[in-house]
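# Examining the three-dimensional arrangement
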Amino acid sequence: MNKVIIMGRLTKDPEVRYTQTNNTLVASFSLAVNRRFVKQGEERQADFINIVAWSKTGEFCSKYFKKGQQVGVIGRIQTRSWEDENKTKRYATEVVAEEAYFADSKRDGAPSDFANTFGSEVSQTSEFSVSSDDELPF
């Protein structure tokens with residue numbers, strides 16, 4: 001099974017392009033996803049995950065997602081390879097978005113649909129701190 005659920009902040013506005021063969025919309029963006037644990041005395045670390053959204057999902061992301069917003073993405077991991085201009089083989093790993101959600105709170109203070117669905121797991125991720133001597137909390 002290949003299923004990914006992540007939540008993070010957009011590092012910049014989604015970039016849109018269209019495929020040459022059939023003019024399909026593709027939106028690309030990156031999410032800064034906080035790591036679950038923080039070592040005592042250190043800053044929280046984040047992983048930067050590349051996301052690709054096709055067609056209607058890509059259109060939604062390009063229209064409504066903006067830099068700094070917290071969003072949730074459900075999709076699958078995909079790897080691909082190609083040769084660059086120097087004949088060097090390059091690799092990329094990215095998440096292909098199947099669903100995309102707003103994860104920031106709404107203006108009225110109510111959590112978003114994504115936060116309602118995955119809120120308990122998400123809220124737990126920002127509460128832990130672990131020193132190198134501590135055992136994991138599970």
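Structural notes, computed from the coordinates. (Residues numbered from 1 in each chain as written. Predicted model: local features only at pLDDT ≥ 70, side-chain atom pairs only at ≥ 80, totals over all residues. Heavy atoms only, no water.)

## Observations concerning the packing of aromatic side chains
Taken as a whole, this structure holds six aromatic pairs when the rule is applied. Here the aromatic rings of Phe60 and Tyr64 are separated by 5.3 Å at their centres, their planes lie at 50°, and the arrangement is tilted. Note that Phe60 and Tyr64 are positioned in helix H1 (residues 55–64) at a spacing of four residues, about one turn of the helix. On the accessibility criterion, Tyr64 (42% relative accessible area) is partly exposed. Taken together, the ring pairs in this structure connect Phe29, Phe60, Tyr64, Phe65 and Phe102 into an aromatic cluster. (Phe/Tyr/Trp six-rings, centres within 6.5 Å; stacked < 30°, edge-to-face > 60°. Helix = DSSP H or I, 4+ residues; strand = E, 2+ residues; numbered from the N terminus. Buried < 20%, exposed > 50% of the residue type's maximum accessible area, 1.4 Å probe, protein only.)

## A closer look at the pattern of salt bridges
Going through the model one piece at a time under the given rule, you end up with seven salt bridges. Among the salt bridges present, the one from Asp104 reaches Arg9, with a minimum N-O distance of 3.4 Å. Here Asp104, found in the loop between strand E6 (89–102) and helix H2 (113–125), pairs with Arg9, found in strand E1 (residues 4–10); they are 95 residues apart in sequence, far enough to count as distant. The shortest N-O distance in the salt bridge between Glu98 and Arg76 comes to 3.8 Å. One end of the pair, Glu98, is in strand E6; the other, Arg76, is in strand E5 (residues 70–83), and 22 residues separate them in sequence. (Salt bridge = Lys/Arg side-chain N within 4 Å of Asp/Glu carboxyl O.)

By themselves, these figures tell us nothing about what the structure is for.
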